[in-house]
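# An overview of the molecular structure
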Amino acid sequence: MIQNFIDKHFYHLFVFTYLIGLVFYGTIGFDSIDEICAMILLLMFIFVTFKTSGWYVNKTFITVICIFLFYLIYSIQIGSNSKPAIISDFIIQFKPYLAFFCVFYICPKFSESQKNLLKDIIYVIWGIMIIIGSISIFKPNIFVHTVGHVAYFAAIITSTALVFLFCSKNTQKEKFIFLLILATGLLSARSKFYGFFVIAAASTLFTRFICDNIKFSFKTISLATVCIAIMLALSWQKMVMYFGIGGSIDNISKDFIARAMLYKTSIDVFTDYFPFGSGFASFASYPSGVYYSDIYAQYNIDWVAGINKHNYSYIADTYYPCLAQFGVVGVFLFALFFLYIFKKALSLYKQSQQDKHFIIPFLIIGYFLIESIADATFTSHRGFFIMMLLGLTLSESKHYIQTTHIKQYNHD
């Protein structure tokens, strides 16, 4: 049976991606592991498509594919970079959408025994992360020597907590453990994580209230305002360092000048390449550094340390400036995608009434929107796994609704 094949083999792929493509990614140092996982997932998607009568494919996925193919042709047409660079960036930018839509389409389902095994793995990984995080209080460099980077540590904790919540039975005790796991990430001392934790705590504690009052009411606006105010207070110092808020570019620390210049220049790129942007591999993306883009010299920022031809280590250090490659149309489509996810999750939650079916997608959206300020998490190995989890959560929600309806029908 095709569903048994999907459930068995996707579970193995999911666990492998979690362990090798996320938890031990920085330790092993094999950068192409997420591309390998993406290829396996794509092959699974193609196999299921051919085995399914009617070859049905999600219309939204078809639309996303067409949009990316348009930008691919557009980039080649305007010569945004060399063809290898354009194709490389095409793959990188498309990867997170591939992860979500492929999983959402094949619609895998984990059994209780599979979830219990996954929870056991999570407890072990959580224990290891507690030790690493505790040592970091005295030796901050421990992150580099163990998981590769402090950002990787925060992503591991976030993903581990979300996977635990996915495997849970929606009890209050398990929600508390979820927040406890997530709280371990506070040891990363990242202001972005502080803000994310505030959102996670609020959405977990007030799920029903949020979903029942999702319309713009005084209560929801007040709650949102308080959460945003707390987030800004926790991250204000970093915003000053990153973007020169309250001052000028000259006042920004030299460690953050590259990121600030990318943000500043992206506004000009949006304007000059209206409405479809400068194209793949042209600005603020990894291939635009490897296959050094002419656009940096065009805007006279090729002298900046971290975004010059000989040192481009900060070129892909943030995601929002990268959207300049797709123009204002791309920004609109990016926002539309997350709105689609939000509406889909809310709709499925209202049918399943399982809190985790809303909390996980809601937090993933919030996570990406926060991380994209100063990290390219969305297109990284971390983003790939989290997008897989997003597709898996919505798939389980569909399975739960179908099973519940069948039980209700049989009972009647």
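Chains are numbered independently. Their residues run from 1 in the order of the written sequence. Local features in this predicted model are restricted to residues whose pLDDT is 70 or higher, and side-chain atom pairs enter the listing and the counts only when it is 80 or higher, whereas totals over whole chains, interfaces and linings include all residues. To get the side-chain values, take all heavy atoms of the structure and skip hydrogens and water.

### Describing the overall build of the protein
A count of helices and strands for the protein gives 18 helices and zero strands. Burial status follows relative accessibility: with a 1.4 Å probe on protein chains alone, a residue under 20% of its type maximum counts as buried, one over 50% as exposed, and anything between as partly exposed. The buried share of the protein, reckoned over its 412 residues, is 53%. Note on contacts: a residue pair qualifies if any of its non-hydrogen atoms lie within 4.5 Å across the two residues. A sequence separation of at least 24 residues applies to 76% of the contacts in the protein between residues at least 6 apart. Entry remark: accessible area of the protein is about 19,000 Å², with carbon and sulfur atoms responsible for 67%. Each helix is a run of DSSP H or I of at least 4 residues and each strand a run of E of at least 2, with the numbering of both proceeding from the N terminus. Throughout, the Shrake-Rupley method with a 1.4 Å probe supplies accessible areas, and for residues the shown protein chains are the sole cover considered.

### Concerning helix α9 (residues 172–183)
Here, expected helix span is obtained from the residue count minus one, scaled by 1.5 Å. For α9, built from 12 residues, the straight-helix expectation of 16 Å at 1.5 Å per residue is met to within 8% by its first-to-last C-alpha distance of 16 Å. Among the residues of α9, Glu 174, Lys 175, Ile 177, Phe 178, Leu 179, Ile 181 and Leu 182 are the ones counted as buried. Buried residues belonging to α9 abut α6 (112–136), α8 (150–167), α10 (191–205) and α17 (356–371).

### As for the packing of aromatic side chains
Ring geometry is summarised as follows: Phe, Tyr and Trp rings, the Trp one being its six-membered ring, pair when their centres sit within 6.5 Å, and such pairs are stacked at plane angles under 30 degrees, edge-to-face over 60 and tilted between the two. Enumeration according to the criterion identifies 53 aromatic pairs in this entry. On the basis of an interplanar angle of 10° and a centroid distance of 5.1 Å, the ring pair of Phe 61 and Phe 101 is categorised as stacked. You can see Phe 61 sitting in helix α4 (residues 59–78) and its partner Phe 101 sitting in helix α5 (residues 83–106), a full 40 residues away along the chain. You'll find Phe 61 and Phe 101 in the same group, each marked buried. Here the aromatic rings of Phe 196 and Tyr 367 are separated by 5.5 Å at their centres, their planes lie at 70°, and the arrangement is edge-to-face. Taken together, the residues span a long stretch of sequence, with Phe 196 in helix α10 and Tyr 367 in helix α17 at a distance of 171 residues.

### Focus: the side chain of Ser 352
With respect to the element layout, Ser 352 can be found in helix α16 (residues 327–352). Within the structure, Ser 352 has its side chain in polar contact with the side chain of His 357 (distance 3.1 Å). In contact with Ser 352, other than residues within four places in its own chain, are His 357, Ser 397, Tyr 400 and Ile 401. Pairs of N or O atoms within 3.5 Å make up the polar contacts considered here, provided that, within protein, one atom can donate a hydrogen while the other can accept it, and that residues adjacent in sequence are counted only when both atoms are side-chain atoms.

### Comments concerning the packing of helix α1 (residues 2–23) against α6
Interaxial angles span 0 to 180 degrees and are taken between N-to-C directions of axes, which are lines fitted to C-alpha atoms, for helices over the stretch in contact. As a packed pair, α1 and α6 sit with axes 12 Å apart at the nearest point and diverge in direction by 5°. Comparing their axes, α6 and α1 come out roughly parallel. On α6, the residues touching Asp 7, Lys 8, Tyr 11, Phe 14, Val 15, Tyr 18, Leu 19 and Val 23 of α1 are Gln 114, Leu 117, Leu 118, Ile 121, Ile 122, Ile 125 and Met 129. Roughly parallel covers angles under 35 degrees, roughly antiparallel covers those over 145, roughly perpendicular covers 65 to 115, and oblique covers all other angles.

### Here we look at the pattern of salt bridges
Whenever a carboxyl oxygen of Asp or Glu lies within 4 Å of a side-chain nitrogen of Lys or Arg, that contact is scored as a salt bridge. Using the criterion set out here, one finds 11 salt bridges in the structure. With its nearest N and O atoms 3.4 Å apart, the salt bridge here joins Glu 396 to Lys 356. You can see Glu 396 sitting in helix α18 (residues 381–411) and its partner Lys 356 sitting in helix α17, a full 40 residues away along the chain. Both residues of the pair, Glu 396 and Lys 356, count as buried. When salt bridges with common partners are traced through the structure, they connect Arg 190, Lys 192, Glu 371, Asp 375 and Arg 382 into a single cluster.

### Some remarks on the environment of Glu 35
Within the secondary structure layout, Glu 35 lies in helix α3 (residues 33–51). By relative accessible area, Glu 35 is classed as partly exposed at 32%. Considering only alpha carbons, one finds Glu 35 and Ile 91, 56 residues apart in sequence, at a separation of 9.0 Å. Engagement of the side chain of Glu 35 in a polar contact is seen with the side chain of Lys 95, the distance being 3.3 Å.

### Focus on unusual backbone geometry
The residue after Phe 274, namely Pro 275, is reached through a cis peptide bond having omega 0°. Among the structural elements, Pro 275 can be located in the loop between α13 (257–272) and α14 (286–290). Backbone geometry at Ala 284 places phi at a positive 60°, although glycine is not the residue there. Topologically, Ala 284 is positioned in the loop between α13 and α14.

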